[in-house]
Amino acid sequence: MKDLFLVTPPFTQLNTPYPATAYLKGFLTRKNINAHQMDLGIEVILELFSKKGLEKIFEIALQKNQIISENAQRIYALRDYYLLVINDVVEFLQGKNQTLARQICTENFLPEASRFDQPEDLDWAFGLMGMQDKAKHLATLFLEDLSDFITECIDEHFGFSRYAERLGRSANSFDELHDILQKELTHVDEVSIQLLDQQIKTHQPKLVCFSVPFPGNLYSTFRCAQFLKKEYPHIKIVMGGGFPNTELRSLTDARVFDFIDFITLDDGELPVELLANHILHPTKETPALKRTFVCEKGEVIYKNTTKQADYKQHELGTPDYSDLLLDKYISVIEIANPMHSLWSDGRWNKMTMAHGCYWGKCTFCDGSLNYIKSFEPNSAKLLVDRVEEIIAQTGEKGFHFVDEGAPPALMKSFALELLKRKLNITWWTNVRFEKSFTKDLCTLLQASGCIAVSGGLEVASDRLLKLINKGVSLEQVAQVTRNLTETGIMVHAYLMYGFPSETVQETIDSLEVVRQIFELGIVQSAYWHQFSLTAHSPVGLNPSAYGITPKHKEISFANNDVEFTDKTGIDHDLFSYGLKKSLFNFMHGLGFEIPLRDWFHPLPDGIRLPNTKIKSDFIQNCLEMENYSKTKDSANIVWLGGTPEVIRLKKSKKGRSWELYKMYFHEKTESYEISLEKEKGDWLLEVLQKISVKKEKLLTLADLKKDFETQFDDFEPFWHSKPINELREHSLLVL
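Residues numbered from 1 in each chain as written. Predicted model: local features only at pLDDT ≥ 70, side-chain atom pairs only at ≥ 80, totals over all residues. Heavy atoms only, no water.

Novice: Would you take a moment to explain the sheet that holds strand β5 (residues 262-264) for this structure?
Specialist: Adjacent strands of a sheet pair through backbone hydrogen bonds, lying either parallel or antiparallel. If you trace the seven strands from one edge of the open sheet to the other, you get β2-β1-β3-β4-β5-β6-β7, paired in mixed fashion. A single partner strand is all that each edge strand has here, and the edge strands are β2 (35-39) and β7 (299-303). If you compare each strand with its neighbour and ignore which way they point, the axes differ by 25° on average. Pairing of strand β4 (residues 236-240) with β5, which is carried by two bridges, proceeds in the parallel orientation. Looking at β5, one finds that Val-238 is bridged to Phe-262. Running at roughly 165° to β2, helix α11 (residues 187-203) makes contact with β1 (4-8), β2 and β3 (207-211) of the sheet. (Pairing = 2+ DSSP bridges. Helix = DSSP H or I, 4+ residues; strand = E, 2+ residues; numbered from the N terminus. Axes fitted to C-alpha atoms, helices over the stretch in contact; angles between N-to-C directions. Contact = heavy atoms within 4.5 Å.)

Listed below in structure tokens is the structure:
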């Protein structure tokens, strides 16, 4: 028996668990609260996409007489081929039977429907990525064809990473979701409930906690809760996670509590602990709760009655991934782009370096909410301790730090700690493209295993970047992404269009900036998002300052995304397809020569697009405008290399003789040499040992200068000499 049962409802990701329940379980274990966790989403996917599951899907589709479109008819006609290979394909995507890649790549192994009608040149794309990745991509298209069949013939709400997402988006009223919950179960519902029921019978929990990160998890949560209320009325149900945290802060509809007993907001550890103590050890006293909605006498009441403060980050413990089917997750590649594939390919242990955002000023972001405004970093040592614990748990060395924006200073300390411990991991995270990311810091991050970063370029316009209060400029973004790319770290940029007051000219100019950064190769992947007004952002809290008028509705359920009108009157939906189509091509190294207007044809009559005002060499000029500044005395000096080979040479000139050191440095991909007089060579050899990345104590430039000048003259000429510049080009870092 387990006291608590933690559930991630369908669907989030196919390739790796969403981390919320792992964080909660790690915390609850520290508190001696017995919990079991389940990713219901991946278990439903594995049930549906099996030979047995597909046989049932084809049977139901025929019974419902819903096989209507030409694409669905083709899939049904090829059903024997799908049934023949489905189990093998899923196992291949789970990392087993890797030799199947060769058969998949013959392109006469998988049955093909509409998803295979793609314009991309796979041979070109996977010349960069390889046979295994090409096979994963083809296998992904195979699964997406089947997903389309399910959506058309079985369940219109189905999707791999979301389920009935529309019902959760801006559901100001509970009416539509409530009405659908009164209808018959879909086949996907039945599979979900059957799997959930098996776990409930096995573990017999007293409290079931649904973590609901996204709108696409909401419907399934209520379906499962509805089942539990009917079949296991003694079990209490709590809902928390990203969706309630952002959307349900204005909840008033009591009907929600026909399904759910408690809804918690923001950090879940203390609210769940208090609820667990209340349910597991009931007393006559009124329980003290933390940020929790309940329903009493038909009225929704928000209770925040405990005086206990939230736990600090170092008190939460290490995420615990036990119970999850870690070897069953499915790695897929939707787009033939190495950076873009990171979100769906590979088993990543998800962690955070810090709680909240250290910047927290972007005007489109939910800066008034706890998950953004409450910034609290972990220490580098604690992070690496947790990394080691998770490796021991899972056997996986890939880490995705899902921060709102990882602090550069903490990334530096984390990288140094990894290198000191000689711990080899692969990691990536989300950042702000700020000037702290110098070439040297990027070199350090790459040496520690950092392979990629994602970050918000948002609007490729300096005027709009200031309005957004992003704290960066296009010049700075260009230089930072260049530093990252040149040191071997891939870059993904989040892009935005339709920000309040954005003109058509600025949209076209933004696209030109994006075209240039891809053509120069300083960004490898990106995604356009249309601006969405959220109730808790600075724009949402003060819309008139941004020239927009919200369309207010009566709120009884979800309240985050808000409809609005912009004083410009521009319909930004007109540009969505063109922006995304052009970006798709740019990400594949195609279409740079196509005039920007051509991406948007056809447009409605009367709408003409202006030519861009951005000069064709704008980004190139940004890269050449490097701002050189004197190195601060407080900068840390770190040596990534090893001990050089030293050959002593005797030199003489005009009756004077001296000893010279030739130092040969061997790195993983190249070797180089420098020459120094013996005395300064001895000093350098000693200093390289002191500033080695393996040392606990970091030395500063001031420390080196002081030490040098106790033996020699002025440090500055030596620091800027040819031998030191050669070292700076390689493994001598200024941080």
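Novice: Help me understand the state of the cysteines, please; the structure alone is not making it clear to me.
Specialist: Taken as a whole and judged by the stated rule, the model has zero disulfides. The structure places no disulfide on Cys-365, whose sulfur is separated from the nearest cysteine sulfur, that of Cys-362, by 6.2 Å. No disulfide involves Cys-450; its sulfur sits 8.4 Å from the nearest other cysteine sulfur, which is in Cys-442. (Disulfide = S-S within 2.5 Å.)

Novice: What is the right way to read the packing of helix α1 (residues 20-30) against helix α14 (residues 269-280) from this model?
Specialist: Two packed helices can be described by the angle between their axes and the distance between those axes. Contact geometry of α1 with α14 gives a least axis separation of 10 Å together with a crossing angle of 55°. Between α1 and α14, the angle is such that the two are oblique. As α1 packs across α14, the resulting crossing turns out to be right-handed. Residues Leu-24, Phe-27 and Leu-28 of α1 touch α14, and the partners they reach there are Glu-269, Val-272 and Glu-273. Residues belonging to the contact of α1 with α14 are distributed by class as follows: four nonpolar, no polar and two charged. (Parallel < 35°, antiparallel > 145°, perpendicular 65-115°, else oblique. Left-handed = near helix turned anticlockwise from the far one by under 90°. Nonpolar A, V, L, I, M, F, W, Y, C, P; charged D, E, K, R; others polar.)

Novice: Honestly, the sheet that holds strand β11 (residues 398-401) in this entry has me stumped. Any pointers?
Specialist: The strand order across the open sheet built from six strands is β8-β11-β12-β13-β14-β15, with neighbouring strands paired in parallel fashion. Strands with a single pairing partner mark the edges of an open sheet, and in this sheet they are β8 (349-351) and β15 (525-530). Recorded for the sheet is a direction-independent mean angle of 15° between the axes of neighbouring strands.

Novice: I would appreciate a short explanation of the packing of aromatic side chains in the present structure.
Specialist: For the structure on display, the rule yields 37 aromatic pairs. Ring plane angle 65° and centroid distance 5.3 Å describe the contact between Phe-58 and Phe-149, whose orientation is recorded as edge-to-face. Residue Phe-58 is found in helix α3 (residues 51-64), and its partner Phe-149 is found in helix α8 (residues 131-153); the two are separated by 91 residues along the sequence. Neither residue differs from the other here; Phe-58 and Phe-149 are each classed as buried. Summarising the aromatic geometry, the rings of Trp-343 and Trp-428 are spaced 5.0 Å apart at their centres and angled 90° between planes, so their arrangement reads as edge-to-face. Taken together, the residues span a long stretch of sequence, with Trp-343 in the loop between β7 and β8 and Trp-428 in strand β12 (residues 426-431) at a distance of 85 residues. By relative accessible area, Trp-428 is classed as buried at 0%. Ring pairs connect the aromatic residues Trp-683, Phe-708, Phe-712, Phe-715, Phe-718 and Trp-719, which therefore count as one cluster. Above the ring of Trp-359, the side-chain terminus of Lys-361 is found at 4.4 Å from the ring centroid. A cation sits over an aromatic face here: Lys-680 above Phe-712, 5.9 Å from the ring centre. (Phe/Tyr/Trp six-rings, centres within 6.5 Å; stacked < 30°, edge-to-face > 60°. Buried < 20%, exposed > 50% of the residue type's maximum accessible area, 1.4 Å probe, protein only. Lys NZ or Arg CZ within 6 Å of the ring centre and 35° of its normal.)

By themselves, these are just geometric observations and shouldn't be taken as functional.
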